[in-house]
Amino acid sequence: MEEVAISLDLGTTGCKGIAIDKTFSVLASSHAYYPTYFKDGGRVEQHPEDWWKASCDVLKSLCDQIPEATVSAIAVTGHMQDLIFLKEDGVAAKEAILYSDTRAVDEAEEIENCIGGERLVGITGNKQGAASLLAKLLWTKKHMSYALKSCSNILIGAHDYVCYRLCGARVTDLTTASTTGLLNVLSNEWAVDELLEPLAIPSCLLPRIVPPSQVVGVVTAAASRATHIKEGTPVYHCSGDLATTARGAAAHHHDARHIYLGTSAWIAAVCPGAPTSTACGAGLLQVRDADPDCIIMAASMASACSNLNWVRSVLRFTPDANTDWTAVDDAAAGAPLGSGGVLYLPYLSGERCPFVDATARACFIGVAAHTATSHLLRSVMEGAAHLS
């Protein structure tokens, strides 16, 4: 009976999964979508149970495609810099606050005034704006204190939650931790004395940081029933999507760069050495790599292909908003290069690079009486591609 390993990627729009054999050949693949909830004030949320349901659907689909195979392990990665509250019974207390959420603008300013901008960079490796979990935790403490009072643990990535549901481990990885503004990137430990205690944020709620090579647990009986994966199967909590993308693109050696286009976008390079204690420049991030002797330098856009999802939804362009892009592509191809003079600025959720502004918003420029749907669609594609 052939052995396979399964990999899950909890992306912003859905869960992707593949099963590979010992030669790294892909034997099966599956994908399941989940919704994102956008609200006033820069709020962007998802429900962790939607991640789990999608993961279960993907795992069951993979098992159905390769019924004779034995699953030897599950490895999980996903989007980072989320805020997930677990209650005592292990159920998510509320919707997760996503990485692209910018509600905590005032709290980010308050933290900088309290701690000092240069000191923040010296501790966390990066400037900390409204997207940081440090600011979002302070916002939660002020405006939604019941979430903190009623929770037993905080997780910080979508893959954290799915790993927890698979095997009960409440852990995270160093790459994900270093995106939050909660980690001392020089000691690789939570910045308890430097940040959390001065802001009265309970550090005891944060997950344990584990290396991606470590088995964090095995599939429980309950998870086995939900996923059709055999009870006792080892579970690996892998690095967050930035580090795993570099490896998937074979760009994890020191002279390589890679470009990623998804809901967000980035240009990144894996570099030897430790993070510096000074800011790298407007919008540039230094993030811990899976290799503890390396860091990842990234220039990250807040919104890229999410702009295409948005315009397709607003224009009600296709019957199946999840899968059918043919009609959109055909319509955009009908517009000339330059989209008839229409420009699109793709700042649906603020921006992180080449400038940092949580309040920036998207807009069309140059719309005229002759502007057609094809011009709008193409301008969104051109705007997202050019500014990426």
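Just so we're clear, the structure is a prediction, and the values are computed from it rather than from any experiment.

**Observations concerning the overall build of the protein chain**
If you tally the helices and strands in the protein chain, you get 13 helices and 21 strands. For 388 residues, the compact-globule formula gives about 21 Å, and the C-alpha radius of gyration of the protein chain, at 21 Å, lands near that figure. Projecting the C-alpha coordinates of the protein chain onto the three principal axes gives extents of approximately 60 × 55 × 45 Å. Counting over 388 residues, the protein chain shows a buried share of 52%. Put simply, of all contacts in the protein chain between residues at least 6 apart along the chain, 66% involve residues at least 24 apart. Total accessible area on the protein chain stands at roughly 16,500 Å², and carbon and sulfur atoms take up 55% of it. Looking at charge distribution, the protein chain has the averaged site of its 28 positive side-chain charges lying 4 Å from that of its 41 negative ones.

**Observations concerning helix H4 (residues 133-143)**
For H4, the tally of buried residues reaches eight of eleven residues, placing the bulk of the element in the interior. Of the residues making up H4, those classed as buried are Leu 133, Leu 134, Ala 135, Lys 136, Leu 137, Leu 138, Trp 139 and Thr 140.

**Quick look at the confidence of the model for the protein chain**
Predicted confidence across the protein chain gives a mean pLDDT of 91, with 96% of residues reaching 70 or more. Mean pLDDT in the protein chain bottoms out at helix H5 (residues 145-150), which sits at 86, and peaks at strand E15 (residues 234-237), which reaches 98.

**A closer look at the environment of Thr 245**
Tracing the chain through its elements places Thr 245 in helix H10 (residues 241-248). In the structure, Thr 245 is positioned 238 residues away from Ser 7 in sequence and 13 Å away in space, judged by C-alpha atoms. For Thr 245, the contacting residues outside a window of four places in its chain are His 258, Tyr 260 and Trp 266. A polar contact is formed between the side chain of Thr 245 and the backbone oxygen of Asp 241, at a distance of 2.6 Å.

**Here we look at the pairing of strand E7 (residues 80-87)**
Both faces of the sheet carry side chains from a regular strand, because those side chains alternate between them. With seven of eight residues buried, E7 lies mostly within the body of the structure. Where E7 and strand E9 (residues 151-157) come together, five bridges link them in antiparallel fashion. Directly across from Ile 84, in E9, lies its bridge partner Leu 155.

**So, the packing of aromatic side chains**
Evaluated as defined, the whole model comprises seven aromatic pairs. Centroid distance Trp 51 to Tyr 161: 6.3 Å. Interplanar angle 70°. Geometry classified as edge-to-face. With Trp 51 in helix H1 (residues 48-65) and Tyr 161 in helix H6 (residues 158-167), the pair connects residues that are 110 residues apart, well separated along the chain. The exposure class of Trp 51 is buried, given its relative accessible area of 0%.

**As for the packing of H1 against H6**
Interaxial distance between H1 and H6 falls to 10 Å at its minimum, and their mutual angle equals 65°. Considering how the two elements wind past one another, H1 and H6 form a crossing that is right-handed. Across the interface between the two elements, Pro 48, Glu 49, Trp 51, Trp 52, Ser 55 and Leu 59 of H1 pack against Ala 158, Tyr 161, Val 162, Arg 165 and Leu 166 of H6.

**Structural notes on the sheet that holds strand E1 (residues 3-10)**
Here six strands make up an open sheet; going across it, the order is E3-E2-E1-E6-E15-E14 and the pairing mixed. The sheet is open, and its two borders are formed by strand E3 (26-33) and strand E14 (215-218), each paired with just one other strand. Pairwise comparison of adjacent strand axes, ignoring direction, gives a mean angle of 20° for this sheet. The pairing of strand E2 (residues 14-20) with E3 spans seven bridges and is antiparallel. Following the sheet pairing, Ile 20 is matched in E3 by Val 26.

**Looking at the packing of helix H2 (residues 105-115) against helix H3 (residues 117-124)**
Any two packed helices are characterised by the angle at which their axes cross and by the distance between the axes. Remark: H2 packs on H3, axes separated minimally by 6 Å, with the N-to-C direction vectors making an angle of 95°. Overall, the two elements H2 and H3 adopt an arrangement that is roughly perpendicular. Residues Ile 111, Glu 112 and Ile 115 of H2 touch H3, and the partners they reach there are Gly 117, Arg 119 and Leu 120.

**What about the nonpolar core?**
By size, the foremost hydrophobic cluster in this structure holds 44 residues, and its most contacted members are Ile 6, Leu 8, Leu 10, Trp 51, Ile 74 and Tyr 161. Contributions of two or more residues to this core are made by E1, E2, E3, H1, strand E6 (70-78), E7 and H6. The leading source of residues in this core is H1, at eight residues. In contact with Leu 10, other than residues within four places in its own chain, are Cys 15, Tyr 34, Trp 51, Ser 55, Val 76, Thr 77, Gly 78, His 79, Ala 158 and Val 162. Core analysis: the second largest hydrophobic core is formed by 34 residues, Met 144, Leu 148, Leu 174 and Ile 201 among them.

**Brief notes about the pattern of salt bridges**
Here the structure, examined in full by the defined rule, presents eleven salt bridges. Among the ionic pairs, Glu 45 bridges to Arg 103, the shortest N-O distance being 2.8 Å. One end of the pair, Glu 45, is in strand E5 (residues 43-46); the other, Arg 103, is in the loop between strand E8 (96-97) and H2, with 58 residues separating them in the sequence. Arg 103 shares its class with Glu 45; the two are buried. Asp 289 is the partner of Arg 247 in a salt bridge, and the nearest nitrogen-oxygen pair spans 3.0 Å.

**Thoughts on the side chain of Ser 264**
When you line up the elements, Ser 264 lands in the loop between strand E16 (257-261) and strand E17 (265-272). For Ser 264, a relative accessible area of 7% gives the class buried. When neighbours within four sequence positions are excluded, Ser 264 is seen to be in contact with Tyr 99, Met 301, Ala 302, Ser 303, Ala 304 and Arg 352.

Procedures and definitions
- Residues numbered from 1 in each chain as written.
- Predicted model: local features only at pLDDT ≥ 70, side-chain atom pairs only at ≥ 80, totals over all residues.
- Heavy atoms only, no water.
- Helix = DSSP H or I, 4+ residues; strand = E, 2+ residues; numbered from the N terminus.
- Rg over C-alpha atoms; globule rule 2.2 N^0.38 Å.
- Buried < 20%, exposed > 50% of the residue type's maximum accessible area, 1.4 Å probe, protein only.
- Contact = heavy atoms within 4.5 Å.
- Areas by Shrake-Rupley, 256 points an atom, 1.4 Å probe, with all protein chains shown as cover.
- Lys, Arg positive; Asp, Glu negative; His and termini not counted.
- Charge placed at Lys NZ, Arg CZ, Asp CG, Glu CD.
- pLDDT = per-residue confidence, 0-100.
- Polar contact = N/O pair within 3.5 Å; in protein donor to acceptor, adjacent residues only side chain to side chain.
- Pairing = 2+ DSSP bridges.
- Phe/Tyr/Trp six-rings, centres within 6.5 Å; stacked < 30°, edge-to-face > 60°.
- Axes fitted to C-alpha atoms, helices over the stretch in contact; angles between N-to-C directions.
- Left-handed = near helix turned anticlockwise from the far one by under 90°.
- Parallel < 35°, antiparallel > 145°, perpendicular 65-115°, else oblique.
- Core = buried A, V, L, I, M, F, W, Y, C linked by side-chain atoms within 4.5 Å.
- Salt bridge = Lys/Arg side-chain N within 4 Å of Asp/Glu carboxyl O.

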